[in-house]
Amino acid sequence: LTNLTPALSNFISYGAEDEESLAANRNGFSRYALRSRVLTDVSNTDYSTTILNGKIRLAFPVCVGPFTGAKAVHPDGEIAVAQAAHDAEIVYTIPHYSGYPIDDIRTGMKDSKYPFFFQFYPYKPTNRSGEGAGMQREYIREALPHLSALKCSAVILTCDAVNNSNREKTLKNDKWIAGIGSFPNKPSLRNISSLPSPESQGHSSAFTWKDIRWMKEECSKYGIALILKGIMTAEDTVLAVKAGVDAILVSNHGGRQLDGTLGSIEVVEECVQAAKGKLEVYMDGGVRRGKDIVKALALGAKCVFIGRPALWGLGAGGKQGVDRALAIFEEEYATVMQLCGCAKISELSRDHVEDREGAPPQRPVGWVVAASAFCAGAAIVACR
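All values derive from a computational prediction rather than experimental measurement. (Residues numbered from 1 in each chain as written. Predicted model: local features only at pLDDT ≥ 70, side-chain atom pairs only at ≥ 80, totals over all residues. Heavy atoms only, no water.)

Colleague: Help me out: how do you make sense of the overall build of the protein chain in this one?
Modeller: Counting secondary structure elements, the protein chain contains 13 helices and 12 strands. Taken across its 384 residues, the protein chain has 53% of its residues classed as buried. Of the contacts formed within the protein chain by residues at least 6 apart in sequence, a portion of 74% connects residues at least 24 apart. Accessible surface for the protein chain amounts to roughly 17400 Å². Of this, 52% is attributable to carbon and sulfur atoms. (Helix = DSSP H or I, 4+ residues; strand = E, 2+ residues; numbered from the N terminus. Buried < 20%, exposed > 50% of the residue type's maximum accessible area, 1.4 Å probe, protein only. Contact = heavy atoms within 4.5 Å. Areas by Shrake-Rupley, 256 points an atom, 1.4 Å probe, with all protein chains shown as cover.)

Rendered as structure tokens:
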């Protein structure tokens with residue numbers, strides 16, 4: 001985008017180390033081939049869905065994930081993205097580090113009852129966090145009532161940022177660090193304006209499943225769902241089920257944390273199988289086309305989250321740019337669903353995708369094909 005400084009453009013697009021995880025997020029989608037079904041009636045379609053056990057309706061199965069720097073990309077920042085998501089009838093996740101206070105972002109939404117999510121990073125525990133706490137609990141304890149008053153539907157706890165990883169293109173690049181001085185409207189650590197800044201502002205490397213169970217209990221007091229972001233294995237999915245969380249967001253942090261992982265789409269199915277229907281599974285990472293959404297849903301995800309595409313749209317044209325980015329996703333998604341022979345999401349199944357790297361599945365032959373084969377065999381016998 002020509003209207004972004006090189007430092008800011010790099011901030012949006014970079015990945016950690018050799019950017020293997022970043023590349024895997026896109027390449028992973030190519031691993032799965034679509035299997036279209038034809039001669040099905042797709043004249044009347046409904047591609048909406050619900051998440052969090054039917055509590056939230058999405059016009060199409062996309063949510064906008066949390067990302068820092070929206071106000072640096074465009075003066076309207078998170079307010080513009082929130083409005084665009086609201087108008088598209090999908091959910092926006094207000095990031096922990098935002099350019100505007102959460103109250104201003106919420107006010108920017110036309111309907112004060114429309115659902116939104118809020119992201120937390122776990123801060124280092126303090127003396128007030130309690131014995132054995134692995135993260136700063138008092139900030140979360142004070143924030144939840146405020147979020148509840150604003151009608152927050154769920155909080156997303158980012159679990160994969162115990163350090164800043166090896167970010168050679170940004171945090172370990174002197175030229176980039178010098179360039180961030182040109183960033184307008186830097187994000188704030190204090191986006192809940194009614195609360196004091198957290199006592200400790202570094203991310204915790206000590207929080208564990210014990211803290212997750214505590215946080216789930218706190219969220220339940222206010223009817224707020226808990227979603228864990230950064231789950232990439234079946235093993236952690238099982239532990240998330242045991243901790244009682246409502247959903248997991250399969251994610252490798254957009255390729256910015258641990259480098260050398262599989263793409264998020266490549267581990268969706270193992271996480272879905274491990275969940276056994278006891279929590280919902282979402283995914284992010286590399287979603288760029290409507291067909292990516294269809295593949296994720298066919299592998300068992302309830303919805304996908306996007307990040308960079310919304311930022312690119314914001315940088316290109318503010319809210320109108322985000323509107324267009326979301327519209328492209330919805331248009332492409334609907335087109336691919338029709339071409340796959342599905343008039344609604346419930347008609348999409350695992351049979352609509354095939355893993356190019358796996359053994360071809362043994363699919364049962366339908367009764368029509370079996371009957372045709374029997375009749376053909378009978379005719380041959382009769383002719384002898």
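Anyway, onward from the coordinates.
Colleague: Would you mind showing me how to read helix α1 (residues 6-13) here?
Modeller: Think of an α-helix as turning once every 3.6 residues; residues three or four places apart then point the same way. All buried positions along α1 are accounted for by Ala7, Leu8, Phe11 and Ile12. Take α1 and look down its axis: the buried residues cluster within an arc of 135°, on one side only. (Arc of directions from axis to C-beta.)

Colleague: How do you make sense of the pattern of salt bridges when you look at a structure like this?
Modeller: If the charged atoms of two oppositely charged side chains come close together, the side chains can form a pair. Tallying each qualifying case throughout the model produces 14 salt bridges. The salt bridge involving arginine 26 is made with aspartate 292; its shortest N-O contact spans 2.9 Å. Taken together, the residues span a long stretch of sequence, with arginine 26 in helix α2 (residues 20-30) and aspartate 292 in helix α11 (residues 290-298) at a distance of 266 residues. Overall, the relative accessible area of 30% leaves arginine 26 in the partly exposed class. One salt bridge in this structure joins arginine 289 and glutamate 332, with 3.0 Å as the shortest N-O distance. Placement of the pair is arginine 289 in the loop between β10 (280-284) and α11 and glutamate 332 in helix α12 (residues 308-339), with a sequence separation of 43 residues. Accessibility expressed as a relative area gives 42% for arginine 289, which makes it partly exposed. (Salt bridge = Lys/Arg side-chain N within 4 Å of Asp/Glu carboxyl O.)

Colleague: I'm lost on the pairing of strand β8 (residues 225-231) in this one. Help?
Modeller: Side-chain positions along a regular strand alternate between the two faces of the sheet. Summarising burial for β8: 7 of the 7 residues are buried, a large majority. Bridge analysis of β8 against strand β9 (residues 247-250) gives 4 bridges, and the strand direction is parallel. In the strand pairing of β9, leucine 228 is matched with isoleucine 248. In the classification by handedness, the crossover that spans β8, the intervening helix α9 (residues 234-243) and the parallel β9 is right-handed. (Pairing = 2+ DSSP bridges. Right-handed = clockwise from strand over helix to strand, strands pointing away.)

Colleague: Could you clarify how one ought to interpret the packing of aromatic side chains in this entry?
Modeller: The geometry of an aromatic ring pair is captured by two quantities: the separation of the ring centres and the angle between the planes. Taken as a whole, this structure holds 6 aromatic pairs when the rule is applied. Plain terms: the ring middles of tyrosine 97 and tyrosine 121 are 5.4 Å apart, the flat faces sit at 20° to each other, and that makes the pair stacked. You can see tyrosine 97 sitting in the loop between β5 (91-94) and α5 (102-108) and its partner tyrosine 121 sitting in the loop between β6 (117-120) and α6 (137-149), a full 24 residues away along the chain. Its relative accessible area of 13% is what places tyrosine 97 among the buried residues. (Phe/Tyr/Trp six-rings, centres within 6.5 Å; stacked < 30°, edge-to-face > 60°.)

Colleague: Is there a simple way to explain the sheet that holds β6 in this structure?
Modeller: Sheets are built from strands that pair by backbone hydrogen bonding, the pairs being arranged parallel or antiparallel. One closed barrel holds the 8 strands; their spatial order is β4-β5-β6-β7-β8-β9-β10-β11, and the pairing between them is parallel. On average, adjacent strands in this sheet sit at an angle of 30° to one another, irrespective of strand direction. As paired elements, β6 and strand β7 (residues 154-158) share 4 bridges and run parallel to each other. If you follow phenylalanine 118 over to β7, its bridge partner there is valine 155. Of the strands in this sheet, β6 and β7 are in contact with α6, which crosses β6 at around 170°. (Axes fitted to C-alpha atoms, helices over the stretch in contact; angles between N-to-C directions.)

Colleague: When you look at the nonpolar core in this model, what are you seeing that I'm missing?
Modeller: If you look at the biggest cluster of nonpolar residues, it comprises 110 residues, and the most contacted ones within it are Val64, Phe117, Phe120, Val155, Met215, Ile248 and Met283. The leading source of residues in this core is α12, at 9 residues. Excluding its chain neighbours within four sequence positions, the residues that come into contact with valine 64 are Val81, Ala85, Ile90, Val91, Tyr92, Thr93, Phe305, Ile306, Ala310 and Leu326. (Core = buried A, V, L, I, M, F, W, Y, C linked by side-chain atoms within 4.5 Å.)

Colleague: Looking at this structure, I do not really get the environment of isoleucine 231. What am I missing?
Modeller: Within the secondary structure layout, isoleucine 231 lies in strand β8. Sequence separation between isoleucine 231 and valine 281 is 50 residues; the distance between their C-alpha atoms is 9.7 Å. Setting aside residues up to four positions removed in sequence, isoleucine 231 forms contacts with Trp209, Asp236, Thr237, Ile248, Leu249, Val250, Ser251 and Cys271.

Colleague: Sorry if this is basic, but what is going on with the side chain of histidine 253 here?
Modeller: Position of histidine 253 relative to the elements: it lies in the loop between β9 and α10 (264-275). Using a relative accessible area of 12% as the deciding quantity, one classes histidine 253 as buried. At 2.9 Å, the side chain of histidine 253 forms a polar contact with the side chain of aspartate 160. Residue contacts for histidine 253: discarding those within four places in its chain leaves Tyr121, Thr158, Asp160, Ala161, Arg167 and Lys229. (Polar contact = N/O pair within 3.5 Å; in protein donor to acceptor, adjacent residues only side chain to side chain.)

Colleague: Would you mind showing me how to read the confidence of the model for the protein chain here?
Modeller: In regions of low pLDDT, the predicted coordinates are not meant to be interpreted in detail. For the protein chain, per-residue confidence averages 87 on the pLDDT scale, and residues scoring 70 or more make up 84% of the total. Contacts from residues 367-376, a stretch scored under 50 in pLDDT, to residues over four places away or in other chains number 1 contact. Low confidence marks residues 378-384, where pLDDT is under 50. Its contacts with residues over four positions away, or in another chain, come to 0 contacts. (pLDDT = per-residue confidence, 0-100.)

Colleague: Just to check I follow, could you spell out the pairing of β9 for this structure?
Modeller: Alternating residues of β9 divide into Ala247 and Leu249 and Ile248 and Val250, and every residue in both groups is buried. When β9 meets β10, the two strands line up parallel, connected through 4 bridges. Note that in β10 the partner of leucine 249 across the bridge is tyrosine 282. Remark: the β9/α10/β10 crossover connection has right-handed handedness.

Colleague: It is not clear to me how unusual backbone geometry should be interpreted in this structure. Could you clarify?
Modeller: With the exception of glycine, the majority of residues adopt a negative phi angle, and the majority of peptide bonds are in the trans configuration. One non-glycine residue, lysine 151, lies in positive phi territory at about 70°. Mapping lysine 151 onto the fold places it in the loop between α6 and β7.

Colleague: Just to check I follow, could you spell out a negative patch on the surface for this structure?
Modeller: A surface patch of like charges, here negative, comprises Glu17, Asp18, Glu20 and Glu168. Along the chain, glutamate 168 falls in the loop between β7 and α7 (174-179). On the accessibility criterion, glutamate 168 (41% relative accessible area) is partly exposed. (Patch = residues over 30% accessible without salt bridge, like charges linked within 9 Å, V, L, I, M, F, W, Y side chains within 5 Å. Lys, Arg positive; Asp, Glu negative; His and termini not counted. Charge placed at Lys NZ, Arg CZ, Asp CG, Glu CD.)

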